[in-house]
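# Inside the fold
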Amino acid sequence: QTATQTRDAHGGIVESWATDATVWAEVTPVGGDESPEADRMRSSIRHEVRVRYRTGVTTAKRFLWGSRTLNIDSVLNDEERGRELICQCTENTSA
């Protein structure tokens, strides 16, 4: 998904996300963390996401995996062969 910004009726900026494409992916959880945030715990889960190579996948984008949102932290072209991308992603949740 790609973020887009528009102005609302009052001139404020509204961010929304648009789906670029639907692709098959292998999603593997690789770790997690919890930290206090205000009056609750914040959890984050790190995932490795493998997709077929495609241009335009950057850290400014994110993946939707069912109802879950995976923010892209890094993108690697596996073996620099243009066949597969390995993305390190973070999913933030509130406990």
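Our structure's up above, just so we're on the same page.
Everything in this summary refers to the structure shown in the same document. (Residues numbered from 1 in each chain as written. Predicted model: local features only at pLDDT ≥ 70, side-chain atom pairs only at ≥ 80, totals over all residues. Heavy atoms only, no water.)

### With respect to the pattern of salt bridges
Scanning the model with the defined rule gives five salt bridges in all. Salt bridges here are not isolated pairs; linked through shared partners, they connect Glu48, Arg50 and Glu84. (Salt bridge = Lys/Arg side-chain N within 4 Å of Asp/Glu carboxyl O.)

### Here's the deal with the pairing of strand S5 (residues 62–65)
Relative to strand S6 (residues 68–77), S5 is paired through four bridges, and the arrangement is antiparallel. In the sheet register, leucine 64 faces S6, and the bridge partner there is threonine 69. In this structure, the hairpin formed by S5 and S6 is closed by a connection of two residues, where glycine 66 is found at a positive phi of approximately 65°. (Pairing = 2+ DSSP bridges. Helix = DSSP H or I, 4+ residues; strand = E, 2+ residues; numbered from the N terminus.)

### What about the nonpolar core?
The nonpolar side chains of a soluble globular protein tend to be buried with one another. Grouped together as the largest cluster of nonpolar side chains are 10 residues: Val27, Val49, Val51, Val57, Phe63, Leu70, Ile72, Leu85, Cys87 and Cys89. Counting only elements with at least two residues in this core, the list comes to strand S4 (40–52), S6 and strand S7 (84–94). The dominant element in this core, judged by the number of residues it contributes, is S7, at three residues. Beyond its immediate sequence surroundings of up to four residues, valine 57 is in contact with Phe63, Ile72, Val75, Leu85 and Cys87. (Core = buried A, V, L, I, M, F, W, Y, C linked by side-chain atoms within 4.5 Å. Buried < 20%, exposed > 50% of the residue type's maximum accessible area, 1.4 Å probe, protein only. Contact = heavy atoms within 4.5 Å.)

### Re the side chain of serine 44
Position of serine 44 relative to the elements: it lies in strand S4. In contact with serine 44, other than residues within four places in its own chain, are Gly31, Gly32, Asp33, Thr90, Glu91 and Asn92.

### Comments concerning unusual backbone geometry
The phi dihedral of glutamate 79 falls on the positive side, at around 55°, and the residue is not glycine. Within the secondary structure, glutamate 79 sits in the loop between S6 and S7. Positive phi values are uncommon outside glycine, yet glutamate 80 reaches one of about 55°. Among the secondary structure elements, glutamate 80 is positioned in the loop between S6 and S7. On the basis of relative accessible area, glutamate 80 is assigned to the exposed category, the value being 66%.

### Focus: the side chain of asparagine 77
Here asparagine 77 shows up in strand S6. For asparagine 77, the contacting residues outside a window of four places in its chain are Tyr53, Gly82, Arg83, Glu84 and Leu85.

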